[in-house]
Amino acid sequence: MIFKSLLGLCLFVGLVSHSYAQDPQDILVRMDALMSAPSDWIATVEMTITNRKGVEKNHEATLKQIGSGYRLYRYTKPENKAGIASLSLPDGDMWLFMPSFGKAIRINLLSKSQALTGTDFSYEDMSGIPYSQRYAATFENALNDSEYLLNLLPKSNKTSYSRILLSVDRKNGYPIQMAFYDKSGVYFKKAIYKYAKKGKYWYAEEVTMTDLTRDHSTTVYIKEIRFDNGLSKEEFTVDMLKNGSGNK
Amino acid sequence: MSDRFGNFSKKLINLKWVVILATAVITVFFGYHASRLTINADILESLPDSDRNAQLLKEIGVDFGGNSIGIIILETGNVYDTGAIKHINDLTDSVGKIEGIASVSSITNIINIKGDENGIEVGKLIDSYDLPDSQDDFDRLRADIANNPLYRGSVVSEDETSALIIFYLQEGADVKSVANAVIEKTASLDLPESIYYAGSPLLVSYISDLIRNDLVKLLPIAFIVIALILFLSFRSWAGVVLPLATSVIAIIWTLGSISLSGYNMTMISNNIPIILLAVGSAYAIHVVNKINLERSSNRPEPVASGLKAVTTPVILAGITTAIGFVSFIFGAYLDMIVEFGLFTSLGTLYACVLALTLVPAMLSLQPEPPRQSRQTEQPKTGLLEKGISKIASLTIRSPKKMLLFWLLIIITGVIGISSIKRSVNIQEYFRPGNPARKAEQIMIDKFGGTNPVFLLFKGDILNPAVLRAMEAASDYMEASPDINATLSVADLIAELNYAITGSRSIPEDPEQIQQLWFFLEGNETLEKMVNQDLTQAIVISKFKSPDNQSKQVFADYMAAYLSKNESPDYQIEITGMPFVDITMDQSLINSQIGSIFIALACIIIVIGLILKSMRFGLLATIPIVAAIAILFGIMGLAGISLNIATVLVASVALGIGIDYSIHIITHFNRLRTSCATMESVVSQSILTSGRAIIINFVSVSSGFLVLVFSDMIPLVYFGVLIAVSMISSGLAALTLLPSVLLVMNKRES
C-alpha cells in the first residue's frame, strides 16, 4: 500500500514536473502543428488597415489554402481592387493577377522584410514556413499559469527580426501575442492573436499587427472558415489564378 | 523739464541703495528666466503665413510628412563596396530611430521595381538583411540604379564616390535636438568614410552652434578689449565697470524677457547680446563722462548735476535707438527679425534706464575726492582731449571745407550703393574649406542642390489626366538647367507600368492605374508624395543654383507653364525654398529701406517734440544718413552682400549714430543761450560730448573688430561693418553736424 502510494506520488510529481520542464522547442513545434493542422481551408478574409491619423481602409478577399505552401487570395472589395488575386506556391514562387492587364505577373520579392501591399505584415510574416524551422526557442523567466513565454532567436541572419517574444497558450498551444524586435534590438512590432475553435481545429479568427514606429496597424478577421474541403494542388496554378475559378 | 530731472536726480541719489538692491533682485529674476531660454533654429517656422509660398511650403510639410530635409553625405573611394554599403545601412537604421524623424531613405531601403521576361521584381534596391558582397551583386546594383530614372544621381552620385542618407523631420519636431541626435549617432558609429551634413535642419543647427561658439569664444575677448579702452579713457574702475555692467545687466534682462514672453532664441536673436554690448554701454559712458566732468569742474553735488544735464540726451538717445530697432517690424519678412527688433529695442530701453539709475547710484557711493586730488585727476591735457580740441578747431575754422569733404565721402558711398549685391545663399556663411560649405558644394555638384521645390497637384490623383499632367510638368521642370530630377507618384506608376507592359507611361485605362496602385499602396515613400485620400500629390525636386537671378528665372519659367496649363481636372501650385528666397531677398531691400525711413521719420518727430524744434530733429539725422551711405557704399565697393545678418547693421548704425548726434544737438541747444558766439557754442558742444562719443565708438568698434576671427563670414562682416558705422557716425556727429550747425547759423555767429 505504501509502495503504491509512493509510486503514485512519484508518477504525479513526474507528470507535473514534465509539464513545467517541457522543451520550449517542442512547444513551438506543437504551435506550428496546431496552425497547420487542417489539410486545407477556405475562408473570407476581412482586413482593416489603420494609419497614425486613425484613418481606416477596409479590404475583403477570399482565401484558399493547402497546408502552408499553397495559397490563393482573391480580392472582392473594395470595388476597384475586386478581381486582383495572388498565388503563393512553395519555394517563394509568387504570382499576381491584375484583371485590367489580363495577365499574371510573376513577383520576385527582393526583400522579405518588405510590407505586404499596404499592410503591417511583411512577406516574411506571411511566408508560412513553420516557426520551429526558423527559430530556436528558449523559456523567458516570466511565466504565468496560462501562458508560456518563449524567446525565439533566428537560426539564420536572413530575417528582419533579431528576436521574437512569443506568448503561447499553455492549454491549447496557440499563439497569443508576438513581440518583434528589429536587428538593433528595438521592439518595433507586435501581433495579437485571437484563436477560436471550429470543429476539431483551432484557427486565428482575428490577428492585429501593429507597427509601433509608424503607429500603423492591420487587423485581419477570418470569417466563414471551412476546413478539409478536399482541395487539390491543381487548383493552385497560374491558369486558375487568371480565370478566377479559384473563387470558393 | 530740467527742474523735473534735477529733482529726479536728487531723489535717485537719496534712494541709491534701493536702486542697487532693486536692480540686483530684478537681475536675479530675469537671470533665472534667461537660463531657461531655448533655441529654435527652424527657419521655416519663421516664414510668414501672409506669403503664399511660405504658407504652401508649411502646408506641404504638414500634409506630406515634413519638408524639412536633412542629408548625411557619405563620401568614399567607391560606394559600391560591402563596407560602404553596410555603413550606409547602419546609418539609415540608426537615424531612422531618432525621435522626431519621420522617415529615412537611402540606397539600402528605397523601393525598387523592375520587369523582365520572368515577371517583375518588387522590393528594396538592396535587401538590408542580405547586403551585396560580390562583384556580380555590385554590378547588378549599379545597373539597377543607372536604369532607374528615379534614383540615378539622387541616392548615389554618378561618379560613385558619394551616397546620401536623406531624412525627413516630423512636423513640429525639435530641429535642434534632432540635428544633434543625428550628429551624435553618426559620430558614435565611428565610420571610416568622410561624413558631411547638409540640408536645412542640420545646417541651421550647425550655424547656430557656430554663432554660439563664436560668441562664447569672442565675446569675452571683445569684452576685455572694450574694458581696456574704457580704462585707458577714464582711468577709473567706474569708467570700466559701469558701462560694461550696464550692458551685461541689460542683456540679462532682455534674454529673461524673451523667455518670459514665451519666445525662443533664433538665428537672428543670437546677435542681441553683441548689439546690446555696443548700444548698452554708450548710455553709461555718457553718464560717467558727464559726472566726471562735473567732478573735475568742482561743481557741488556732481552726481546729481551731471545726471540732470545728461538725462535728456540719454532718454532721447534711448528712445530713438529703440525706434531704430522697432522699425524692423515694418517690412520685415521673417518673424524672427520682427522678434529681434522688438527685443533689441526693449534691451536698449533697459540699458537706458540702467544708465540713468544704477550708474549714478553706484557713482554716488564713491566718496568725493579732496579738492587737490580732483585737480590732479583732471584729464584735460590728455591725448584724447587734444584730439577733440583739434577736431573742434578744424570744424570751426573751415566748416565749408568740412562739408565738402563729407559730401565727397557721401557721394562715393552712394556710388557704391548701386553695386550692393543681395544674397540669401547660405554657403556664403562659411569660410572656404568649412565642412558645411563643402557639403553644400557636394550637393550642388553631385546631387542637384538642397533647396526643395514642390509642385502641388489638387484633384483625383489616380485620374490618368492628372497623372499625365504631373508627368508633363515634371518633364518641363527637368528642362530647367537648375533642376536635376523630379520625383512623383506618376513616376512610380509609369515605372511599374514599364515593368509590366514595357511602356514607361501612365496607362490610359483608369482601372489599370487602380490596380497598379494596389501594388504601391502602403509603401512609406508614398506618404511623401500623395495624401491619404488621394486628392493631393506633389512633385518633389531640388533646385541647384544658389544664385538669386537663377531663382527668379526659374520662377518666371514655371509661372509661364502654370498659366498655360489650367484644367478643370486639377489645380497646380508651386512653392519651395527658391520661391521663399526670392521673397526674402526682395524683403531684404524692402525692410531695409522701409525700416530706415520709418526710423528716420520717428526720430525726427521724437527729437523735434522733445527739443521743441523740428529743425533739430532733421539736423540730428544728418550724421546717420552719412554713416549709412558710407556703410552701404563700403558694402557695395567691397562686395559684401546684403543678407539676413548684414541687414541688421544699418539699424545698429542708425541706433548708435543718432545717439552721437543727440548729444551734440542737446548740448548745442543748451549752450546757445549761455555762450557768446556760435563758434563757442559748437566748440563747447564738441568738447563736452566729444570725449564720450570717441570713447564709445573706439571702445565698441575695437570690441567688434574681434569678430574678424569668427568662423562665420556674416559675423566677420557684422563686426567690421559695425566698427565702420560707429566710427563714421561718431566722426560725422563731431565734424559734419557741427559744420552744418555753423553754416546754418552763420548770421548768429
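Residues numbered from 1 in each chain as written. Chains lettered and ligands numbered in written order. Predicted model: local features only at pLDDT ≥ 70, side-chain atom pairs only at ≥ 80, totals over all residues.

A. Structural detail: the overall build of chain A. When helices and strands are tallied, chain A shows four helices and 13 strands. Burial status across chain A gives 25% buried among its 248 residues. For chain A, restricting intrachain contacts to residue pairs at least 6 apart in sequence, the fraction spanning at least 24 positions comes to 40%. (Helix = DSSP H or I, 4+ residues; strand = E, 2+ residues; numbered from the N terminus. Buried ≥ 20, exposed ≤ 12 C-beta atoms within 10 Å, placed from the backbone. Contact = placed C-beta atoms within 7 Å.)

B. Region of interest: the overall build of chain B. If you tally the helices and strands in chain B, you get 24 helices and 10 strands. Reported as C-alpha extents along the three principal axes, the dimensions of chain B are approximately 105 × 50 × 40 Å. Every one of the 749 residues in chain B was classed for burial, and the buried ones make up 55%. By sequence separation, contacts in chain B at least 24 residues apart represent 79% of the contacts at least 6 residues apart.

C. Molecular detail of the sheet that holds strand β8 (residues 483–487) of chain B. All names here are of chain B. Across the sheet, which stays open at both edges, the four strands sit in the order β8-β9-β7-β10 with antiparallel pairing between neighbours. The open sheet terminates on both sides in strands that have one partner only, identified here as β8 and β10 (570–576). Each strand axis lies, on average, 20° off the axis of its neighbour in the sheet, ignoring direction. Of the pairings in the sheet, the one linking strand β7 (residues 451–459) to β10 comprises seven bridges and is antiparallel in character. Within β10, the position partnered with Phe 454 by the bridge is Thr 575. Across the sheet, helix α16 (residues 464–478) is in contact with β7, β8, β9 (536–543) and β10; its angle to β8 comes to roughly 165°. (Pairing = 2+ DSSP bridges. Axes fitted to C-alpha atoms, helices over the stretch in contact; angles between N-to-C directions.)

D. Highlighting the sheet that holds strand β5 (residues 162–169) of chain B. Residue and element names in this part refer to chain B. Ordered in space as β2-β5-β1-β6, the four strands form an open sheet in which the pairing is antiparallel. Every other strand in the sheet has two partners, leaving β2 (101–105) and β6 (194–198) as the edge strands with one partner each. The sheet shows a mean angle of 20° between the axes of neighbouring strands, direction not considered. The sheet strands contacting helix α6 (residues 175–189) are β1 (69–75), β2, β5 and β6, and the helix crosses β1 at an angle near 15°. Contacts from helix α15 (residues 435–447) reach β1, β5 and β6 within the one sheet, and its direction differs from that of β6 by about 85°.

E. Inspection of the domain arrangement of chain B at higher detail. All names here are of chain B. Structurally, chain B comprises domain 1 (1–36 + 237–377), domain 2 (68–204), domain 3 (379–418 + 611–749) and domain 4 (450–581). Each of domain 2 and domain 4 has a C-alpha centre, and the two are 23 Å apart. Listed by partner, the interface residues are 14 residues for domain 2 and 15 residues for domain 4. Of all the elements in the fold, those that place two or more residues in the side of domain 2 that touches domain 4 are β1 and β3 (111–116). Considering every element that reaches the side of domain 2 that touches domain 4, the biggest residue donor is β3, with four residues. (Domains from an automatic or database assignment.)

F. Here's a closer look at the environment of Ala 638 of chain B. In this fold, Ala 638 of chain B is placed in helix α21 (residues 614–638). Here the alpha-carbon distance between Ala 638 of chain B and Ile 420 of chain B, two residues 218 residues apart in the chain, equals 8.9 Å.

G. Quick peek at the environment of Gly 92 of chain A. Relative to the elements of secondary structure, Gly 92 of chain A occurs in the loop between β4 (85–89) and β5 (93–98). Between the C-alpha atoms of Gly 92 of chain A and Ile 107 of chain A, which are 15 residues apart in sequence, the distance is 9.4 Å.

H. Representation of the nonpolar core in the model. If you look at the biggest cluster of nonpolar residues, it comprises 257 residues, and the most contacted ones within it are Val 287 and Leu 631 of chain B. Dropping the residues within four chain positions of it, Leu 631 of chain B is found in contact with Val 649, Ala 650, Ala 653, Leu 721, Val 724 and Ser 725 of chain B. By size, the runner-up hydrophobic cluster in this structure holds 18 residues, among which are Ala 137, Tyr 148, Leu 166 and Met 209 of chain A. (Core = buried A, V, L, I, M, F, W, Y, C linked by C-beta atoms within 7 Å.)

I. Geometry of the packing of helix α9 (residues 272–296) of chain B against helix α10 (residues 302–326) of chain B. All names here are of chain B. Look at α9 against α10: their axes get within 8 Å of each other, and the N-to-C directions meet at 155°. Classified by the interaxial angle, the pair formed by α9 and α10 is roughly antiparallel. When the axes of α9 and α10 are compared, the crossing they make is right-handed. Contacts from Val 279, Tyr 283, His 286, Val 287, Lys 290, Ile 291, Leu 293, Glu 294 and Arg 295 in α9 reach Pro 302, Val 303, Ser 305, Gly 306, Leu 307, Ala 309, Val 310, Pro 313, Val 314, Ala 317, Gly 318 and Thr 321 in α10. Split by residue class, the contact of α9 with α10 holds 13 nonpolar, five polar and three charged. (Parallel < 35°, antiparallel > 145°, perpendicular 65-115°, else oblique. Left-handed = near helix turned anticlockwise from the far one by under 90°. Nonpolar A, V, L, I, M, F, W, Y, C, P; charged D, E, K, R; others polar.)

J. Layout of unusual backbone geometry. A cis amide bond, omega -5°, links Lys 77 of chain A with the succeeding residue Pro 78 of chain A. Summarising the element assignment, Pro 78 of chain A is placed in the loop between β3 (70–77) and β4. A positive phi angle, close to 65°, is found at Glu 160 of chain B, a residue other than glycine. Inspection of the secondary structure assignment puts Glu 160 of chain B in the loop between α5 (135–147) and β5. Using a count of 17 C-beta atoms within 10 Å as the deciding quantity, one classes Glu 160 of chain B as partly exposed. The phi dihedral of Asp 190 of chain B is positive, around 50°, even though this residue is not glycine. Relative to the helices and strands, Asp 190 of chain B is located in the loop between α6 and β6.

K. Molecular detail of the environment of Lys 308 of chain B. All names here are of chain B. On the secondary structure map, Lys 308 appears in helix α10. Accessibility expressed as a C-beta count within 10 Å gives 22 for Lys 308, which makes it buried. Taking the C-alpha atoms as reference, Lys 308 lies 9.6 Å from Leu 356; in sequence the two are 48 residues apart.

L. How the structure looks around the confidence of the model for chain A. Summing up the model confidence of chain A, the mean pLDDT is 82 and the portion of residues at 70 or higher is 85%. A low-confidence stretch, residues 1–21 of chain A (pLDDT under 50), is modelled with zero contacts involving residues beyond four sequence positions or located in other chains. (pLDDT = per-residue confidence, 0-100.)

M. Structural view of helix α13 (residues 383–397) of chain B. All names here are of chain B. With 15 residues, α13 extends 21 Å from end C-alpha to end C-alpha; this agrees with the ideal 21 Å at 1.5 Å per step. Where α13 is concerned, the buried positions are Ile 388, Ile 391, Ala 392, Thr 395 and Ile 396. Take α13 and look down its axis: the buried residues cluster within an arc of 125°, on one side only. Projecting away from the buried face of α13 at angles above 90 degrees are the exposed residues Leu 383, Lys 386, Lys 390 and Arg 397. The inward-facing, buried residues of α13 abut α14 (399–417), α23 (678–705) and α24 (713–744). (Expected span 1.5 Å × (residues − 1). Arc of directions from axis to C-beta.)

N. Geometry of the pairing of β6 of chain B. Residue and element names in this part refer to chain B. Here β6 lies mainly inside the structure; four of its five residues are buried. Of the pairings in the sheet, the one linking β1 to β6 comprises five bridges and is antiparallel in character. From the neighbouring strand, Ile 73 faces β6, where its bridge partner is Tyr 196.

O. α23 of chain B, seen in detail. All names here are of chain B. With 28 residues, α23 should cover 40 Å at 1.5 Å per step; its first-to-last C-alpha distance of 37 Å lies within 8% of that length. A bend of about 45° at Gly 690 is the largest found in α23. Within α23, 21 of the 28 residues are buried, leaving the element largely enclosed by the surrounding structure. (Bend = angle between axes of the 7 residues up to and from the residue.)

P. Seen up close, the confidence of the model for chain B. All names here are of chain B. When the pLDDT values of chain B are averaged, the result is 84; 94% of them are 70 or greater. Least confident of the elements in chain B is helix α12 (residues 371–377), whose mean pLDDT is 47; most confident is α16, at 95. The ipTM value of the predicted complex is 0.75, and its pTM value is 0.73.

Q. Structural context of the packing of α14 of chain B against α24 of chain B. Residue and element names in this part refer to chain B. Here α14 crosses α24 at 125°, and the two axes come no closer than 9 Å. By the angle between their directions, the pair α14 and α24 is classed as oblique. In this structure, α14 meets α24 at a crossing whose hand is left-handed. Counted together, Pro 399, Lys 400, Met 402, Leu 403 and Trp 406 of α14 and Ala 732, Thr 735, Leu 736, Ser 739, Val 740, Leu 742 and Val 743 of α24 form the full contact between these two elements. Of the residues in the contact of α14 with α24, the class split is nine nonpolar, two polar and one charged.

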